Amino acid sequence: MGAAGIRVQLFIALATSIVIGAATAGVAGYQVFRLGVVSAFEARLGLVVDEAARVLDAGIMAGLAINDPQLLRRALASSSAAREGLFDAEILAVLDSQGRTVSSTSSAEIGEDAPPAWMSAATDNSGVDSVDAADSIVVVRRIKSLFNTIEGVVVARLPMTVVVPRQQALLYRLAILGTVVVVVLIALAAAVVWLLPWPVMRQLEALRETMTSLYHELGDSPGLPSEGRLPRALASVFPPFRDDVVRLRTRLREEAGALNRLDETA
Amino acid sequence: MAFTLRIPLIVSCLVGACLGGSLVLFVALTEADNSLVAALEGKALAHARSVKDDVETALRIGIPLEDIRGAGIYLEEGAQEDPDIRFVVLTDLNLERVHYGGIGRRRLDPLLASPEFQQAVADAGDFSARPMGAVEITGFSIVAVPLMAPERQVGYVVVAVQAKQVREALLIELLHLAPSGVGMLLLLLEYARWTARSVFEDPLKRLASLMARFRRPGRIERSGRNDRSEIGLALLHFNGIVHRLADRAERVLNLADEVKRAVFDRDVAHEAGRRGQEVQQTVADRVLGEPLVRADPRPSDLEMSLALLLAAAALGSVAALAGGDGRDLIWPTVGLAAAVGVFGGAHSSSGWGLVASGAAVFAAAAAWLSPELVSGWLVPFIGTSLGVCVGAALAAGHRYVDGIVESPVRWLLVRVVLGGGSGALLAWTIILEASEATAPYFMLGLIGAAVLAANSDEVVRRRLFARLPARPAA
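A quick note: this is a predicted structure, and the numbers were derived from the prediction, not measured.

## Looking at the overall build of chain B
Reasoning step 1: Helix and strand content of chain B: 14 helices and seven strands.
Reasoning step 2: Here chain B has a C-alpha radius of gyration of 38 Å; the compact-globule value for 474 residues is 23 Å, and the former is much larger.
Reasoning step 3: Judged by the C-alpha coordinates and their principal axes, chain B covers about 145 × 55 × 35 Å.
Reasoning step 4: By the burial criterion, 51% of the 474 residues in chain B qualify as buried.
Reasoning step 5: On chain B, roughly 21,400 Å² of surface is accessible, and the fraction owed to carbon and sulfur atoms is 60%.
Reasoning step 6: In chain B, which carries 46 positive and 51 negative side-chain charges, the distance between the mean positions of the two groups comes to 14 Å.

## Observations concerning the overall build of chain A
Reasoning step 1: Across its full length, chain A holds eight helices and five strands.
Reasoning step 2: Listing every helix and strand of chain A by position from the N terminus yields α-α-α-β-β-α-β-β-β-α-α-α-α.
Reasoning step 3: Looking at chain A as a whole, 49% of its 266 residues qualify as buried.
Reasoning step 4: Counting every atom, chain A has about 12,500 Å² of accessible surface; 59% of that belongs to carbon and sulfur.

## Brief notes about the pairing of strand β5 (residues 150-159) of chain A
All names here are of chain A.
Reasoning step 1: Summarising burial for β5: seven of the ten residues are buried, a large majority.
Reasoning step 2: Both strand β1 (residues 91-96) and β5 contribute to a ladder of six bridges, which runs antiparallel. Within the sheet, the bridge partner assigned to Leu95 lies in β5 and is Val153.
Reasoning step 3: Here strand β4 (residues 136-144) runs beside β5; their pairing, made up of nine bridges, is antiparallel. Directly across from Ile143, in β5, lies its bridge partner Gly152.
Reasoning step 4: Between β4 and β5, which pair antiparallel and follow one another directly, the connecting turn spans five residues, one of which, Asn148, has a positive phi of 65°.

## What to know about the pattern of salt bridges
Reasoning step 1: Tallying each qualifying case throughout the model produces 34 salt bridges over all chains.
Reasoning step 2: A salt bridge links Glu271 of chain B to Arg274 of chain B, with the shortest nitrogen-to-oxygen separation between them at 2.8 Å. Remark: Arg274 of chain B and Glu271 of chain B occur in helix α7 (residues 266-287); sequence separation between them is three residues, near one turn of the helix.
Reasoning step 3: If you follow the salt bridges from partner to partner, you end up with Arg251 and Glu255 of chain A together with Glu271, Arg274, Arg275 and Glu278 of chain B in one network.

## With respect to the layout of surface pockets
Reasoning step 1: Approximately 1,100 Å³ is the volume found for the largest pocket.
Reasoning step 2: Taken together, the elements giving at least two residues each to the lining of the largest pocket come down to α1 (6-61), β3 (129-131) and β4 of chain A together with α1 (2-60), α2 (71-81) and α5 (163-213) of chain B.
Reasoning step 3: Among the elements that make up the lining of the largest pocket, the one with the highest residue count is α1 of chain A (14 residues).
Reasoning step 4: Residues belonging to the lining of the largest pocket are distributed by class as follows: 19 nonpolar, ten polar and 14 charged.
Reasoning step 5: As a volume, the second largest pocket reaches approximately 920 Å³.

## Things to note about the interface of chain B and chain A
Reasoning step 1: Between chain B and chain A, the contact holds 83 residues from the first and 81 residues from the second.
Reasoning step 2: For the pair chain B and chain A, the interface holds five salt bridges.
Reasoning step 3: Between Asp54 of chain B and Arg54 of chain A there is a salt bridge, with the nearest N and O atoms lying 2.8 Å from each other.
Reasoning step 4: In this assembly, chain B and chain A are joined by twelve residue pairs in polar contact (both at pLDDT 80 or more).
Reasoning step 5: Looking at the side of chain B that touches chain A, the elements that each hand over two or more residues are α1, α5, α6 (230-262) and α7 of chain B.
Reasoning step 6: With 30 residues, α1 of chain B is the largest single contributor of residues to the side of chain B that touches chain A.

## Comments concerning the packing of aromatic side chains
Reasoning step 1: Following the criterion strictly, the structure yields six aromatic pairs over all chains and no others.
Reasoning step 2: Ring plane angle 55° and centroid distance 6.2 Å describe the contact between Phe238 of chain A and Phe241 of chain A, whose orientation is recorded as tilted. One end of the pair, Phe238 of chain A, and the other, Phe241 of chain A, are both in helix α8 (residues 238-265), three residues apart, so they sit about a helical turn from each other. Each member of the pair, Phe238 of chain A as well as Phe241 of chain A, is classed as buried.
Reasoning step 3: Look at Tyr191 of chain B and Trp194 of chain B: their rings are 6.1 Å apart centre to centre, the planes differ by 45°, and that puts the pair in the tilted class. Linking Tyr191 of chain B with Trp194 of chain B, this pair stays in helix α5, spanning three residues, or about one helical turn.
Reasoning step 4: On the basis of relative accessibility, which here comes to 14%, the residue Tyr191 of chain B falls in the buried class.
Reasoning step 5: Taken together, the ring pairs connect Phe238 and Phe241 of chain A together with Phe214 and Phe238 of chain B into an aromatic cluster.

## Overview of the confidence of the model for chain B
Reasoning step 1: With 95% of its residues at a pLDDT of 70 or more, chain B shows a mean pLDDT of 85.
Reasoning step 2: In the model output, the complex is listed with pTM 0.80 alongside ipTM 0.81.

## A short note on the side chain of Arg222 of chain B
Residue and element names in this part refer to chain B.
Reasoning step 1: Mapped onto the fold, Arg222 is located in strand β6 (residues 221-223).
Reasoning step 2: Comment: no salt bridge for buried Arg222; closest opposite-charge side chain is Glu250, at 9.3 Å.
Reasoning step 3: The residues touching Arg222, leaving out its near neighbours within four places in the chain, are Arg206, Phe238, Asn239, Val242, His243, Ala246, Val287, Pro291, Leu292, Val293 and Arg294.

## Re a nonpolar patch on the surface
Residue and element names in this part refer to chain A.
Reasoning step 1: On the surface, Val8, Ile12, Trp194 and Leu195 cluster together into a nonpolar patch covering about 390 Å² of accessible area.
Reasoning step 2: Only α1 and α5 (160-195) provide two or more residues apiece to the nonpolar patch.
Reasoning step 3: Tracing the backbone through its elements, the reader meets Ile12 in helix α1.
Reasoning step 4: Residue class for Ile12 comes out partly exposed when judged on its relative accessible area of 38%.

## Brief notes about the pairing of β1 of chain A
Residues and elements named next belong to chain A.
Reasoning step 1: By the criterion of burial, β1 is predominantly enclosed, with six of the six residues buried.
Reasoning step 2: Where burial is concerned, the two faces of β1 agree: the one with Ile91, Ala93 and Leu95 and the one with Leu92, Val94 and Asp96 are both buried.
Reasoning step 3: Connecting β1 to the next strand, strand β2 (residues 101-104), in antiparallel fashion are four residues, including Gly99 with a positive phi near 90°.

## Considerations on the packing of helix α10 (residues 350-369) of chain B against helix α13 (residues 439-454) of chain B
Residues and elements named next belong to chain B.
Reasoning step 1: Two elements in contact, α10 and α13, have axes whose closest approach is 9 Å; the angle formed by their N-to-C orientations is 155°. By the angle between their directions, the pair α10 and α13 is classed as roughly antiparallel. Here α10 runs over α13; the crossing is left-handed. Where α10 abuts α13, its residues Gly358, Val361, Phe362, Ala364, Ala365, Trp368 and Leu369 lie against Ala439, Pro440, Tyr441, Met443, Leu444 and Ile447.
Reasoning step 2: Of the residues belonging to the contact of α10 with α13, the class tally is twelve nonpolar, one polar and no charged.

## Things to note about the state of the cysteines
Reasoning step 1: Applying the stated criterion across every chain, the model contains zero disulfides over all chains.
Reasoning step 2: Here Cys18 of chain B is not disulfide-linked; the sulfur of Cys13 of chain B is the nearest cysteine sulfur, at 11 Å.

## What to know about helix α3 (residues 105-113) of chain B
Residues and elements named next belong to chain B.
Reasoning step 1: Taken as a whole, α3 has its buried residues at Leu108, Leu111 and Leu112. Projected down its long axis, α3 carries its buried residues within an arc of 95°, all on one side. Away from its buried face, by an angle of more than 90 degrees, α3 presents the exposed residues Arg106 and Ala113.
Reasoning step 2: Buried positions along α3 lie against β1 (85-92), β2 (97-102), α4 (115-124), β3 (135-137), β4 (140-149) and β5 (152-162).

The rules behind these values
- Residues numbered from 1 in each chain as written.
- Chains lettered and ligands numbered in written order.
- Predicted model: local features only at pLDDT ≥ 70, side-chain atom pairs only at ≥ 80, totals over all residues.
- Heavy atoms only, no water.
- Helix = DSSP H or I, 4+ residues; strand = E, 2+ residues; numbered from the N terminus.
- Rg over C-alpha atoms; globule rule 2.2 N^0.38 Å.
- Buried < 20%, exposed > 50% of the residue type's maximum accessible area, 1.4 Å probe, protein only.
- Areas by Shrake-Rupley, 256 points an atom, 1.4 Å probe, with all protein chains shown as cover.
- Lys, Arg positive; Asp, Glu negative; His and termini not counted.
- Charge placed at Lys NZ, Arg CZ, Asp CG, Glu CD.
- Pairing = 2+ DSSP bridges.
- Salt bridge = Lys/Arg side-chain N within 4 Å of Asp/Glu carboxyl O.
- 1 Å grid on protein atoms, 1.4 Å probe; cavity = no way out; pocket = protein on both sides within 12 Å on 5 of 7 lines; lining within 4 Å.
- Points joined across faces, edges and corners; volume = space filled by probe spheres on them.
- Nonpolar A, V, L, I, M, F, W, Y, C, P; charged D, E, K, R; others polar.
- Contact = heavy atoms within 4.5 Å.
- Polar contact = N/O pair within 3.5 Å; in protein donor to acceptor, adjacent residues only side chain to side chain.
- Phe/Tyr/Trp six-rings, centres within 6.5 Å; stacked < 30°, edge-to-face > 60°.
- pLDDT = per-residue confidence, 0-100.
- Patch = residues over 30% accessible without salt bridge, like charges linked within 9 Å, V, L, I, M, F, W, Y side chains within 5 Å.
- Axes fitted to C-alpha atoms, helices over the stretch in contact; angles between N-to-C directions.
- Parallel < 35°, antiparallel > 145°, perpendicular 65-115°, else oblique.
- Left-handed = near helix turned anticlockwise from the far one by under 90°.
- Disulfide = S-S within 2.5 Å.
- Arc of directions from axis to C-beta.

If you want it as structure tokens, here you go:
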């Protein structure tokens with residue numbers, strides 16, 4: 001961890017924090033947008049379903065069957081205004097009480113059985129409900145008779161292939177803009193680390209000078225001791241340590257001197 | 001010492017993360033806002049066309065616009081059914097209100113009379129070329145479509161949505177994700193603490209400890225952990241100082257021995273021998289011979305990896321067990337007790353405890369991703385594995401820091417709060433978003449980061465896998 005100088009470590013810590021913060025926010029923002037897009041399209045499909053369901057409700061109340069061709073034609077036609085602007089990709093279908101498709105804007109589906117989830121998703125109070133589906137946004141509404149029996153279901157769905165490009169476009173824009181933000185902030189972090197006078201740097205500089213001086217004092221070349229502003233953790237232990245080292249050095253010099261004198265006088 | 005580096009670094013890291021996050025979030029929400037407002041305006045237009053169809057049915061059979069009975073109730077119902085629709089108005093050709101639903105007249109009339117709206121309608125002409133684009137006035141996005149009786153236009157359908165609703169909805173959705181943001185900030189707090197401890201506080205404490213022990217009797221210990229940082233070089237200089245003292249002492253001893261052998265005067269020889277003996281006992285015995293070099297264990301060696309492992313365990317436990325009943329808690333309890341027993345009592349290194357902890361999380365994540373591996377025992381297996389993870393991590397942590405921190409229990413508690421708390425908050429968001437399937441990936445990411453943190457330096461790895469106990473001399 002400490003292989004590099006402290007400024008590099010501080011910069012790494014700051015840069016990592018910026019990247020993690022930006023990435024977390026980016027994921028959160030994209031998730032919010034993704035859900036918002038799905039909600040917005042669900043609301044649009046809800047309009048479509050409402051329009052068709054209004055006509056079907058009136059027809060059922062008037063005694064027509066859910067698979068009455070004229071009723072079905074009018075129901076699909078009534079929702080055309082609501083379907084405008086939905087990329088022409090939405091599919092509106094009417095199911096009977098058994099889940100069989102009796103009418104649809106996609107003629108290939110007529111006569112086919114719909115997924116059971118669509119039938120069971122419509123709420124009991126005839127409100128519009130959405131269905132969790134991986135490949136499309138699905139909104140359903142149950143059609144009830146006067147006697148509260150289920151006559152059928154109106155289903156509107158939009159393939160995710162329409163929605164996904166919008167989400168991906170945001171993702172790319174977010175990635176680019178987010179990268180720019182991160183790069184600018186990391187540059188700012190570098191300026192903060194290398195240009196601002198962090199108190200710890202002065203203390204470490206003093207420590208370096210002091211230890212280097214003491215080391216050189218013990219060598220054969222003279223050095224000037226300098227303490228400067230040492231880190232607080234060393235404030236109480238360094239002076240006695242320095243004194244002990246200097247005392248030992250002095251003692252060894254004196255012993256060497258005394259031995260030399262003994263040698264000379266002998 | 002905390003105010004020298006730890007607190008400024010924590011504050012800087014949190015400010016940096018919040019600043020980066022805020023800017024990116026602002027960009028994301030602005031983009032989302034623009035896209036969703038456009039979608040909302042499309043919805044307003046669709047609603048306007050739907051109302052137009054219904055009203056024109058009445059106009060076609062000859063009912064004048066102002067005489068359509070129940071129009072107000074019909075428009076009000078339409079506005080009430082959809083919270084995004086703020087008002088729906090039928091106006092005459094001069095954009096004077098005829099029937100309305102939604103917000104009150106006092107707020108509505110100034111909007112209809114506003115110059116921007118009047119100009120936009122005038123610019124749209126007969127609307128034959130293209131629909132009128134939405135006009136934004138005091139936060140409302142307003143669209144209009146022409147109302148046609150047979151052969152002539154009689155007025156407009158005006159519908160408004162409010163972007164404020166979109167922004168409020170986005171912010172509410174964001175609140176669901178807020179716990180994960182707080183969780184990430186807790187992890188960043190621990191990361192900043194760990195950085196300050198590992199690059200500054202712990203090495204400095206080691207240097208202070210070596211200096212304080214210098215004047216005590218016994219052999220002088222040298223540092224076995226000297227990296228190229230500023231304090232690492234200071235420790236290297238300390239070793240150098242001791243080495244130079246040893247060198248001087250050896251020279252004095254050699255000189256004493258030489259003088260003792262060379263002189264003929266027995267008193268002089270005796271004096272030389274006595275001096276040499278004194279230097280031997282008071283100085284040389286402390287610094288000469290095989291150097292006493294020790295790579296000290298430091299709490300920062302496993303602080304970050306422990307927090308990340310606990311975060312992974314907490315995330316997995318909360319995400320996996322939150323929906324179950326209380327009986328599922330027996331599995332992590334069993335796993336924790338077993339791991340504490342194995343790794344707390346045995347004379348193994350803390351490194352192996354961390355390895356076991358990481359392997360347990362990996363096993364839990366693997367079982368989650370491939371439930372067929374544990375066929376029907378998924379929750380017990382995940383619960384037990386995560387209990388083993390926590391137990392092994394806590395036992396390894398306690399054994400490592402026992403004797404080198406004032407209170408190992410308090411030290412572990414801080415790791416549990418920061419690491420476990422962040423994992424639990426991340427899990428809470430995952431549950432709120434119904435994304436439990438992503439939990440194993442987060443767990444794997446966290447143990448990957450824990451492995452990186454535990455291998456940040458070769459000496460850290462060697463220290464973690466050194467056999468315990470290895471306590472500093474009193």
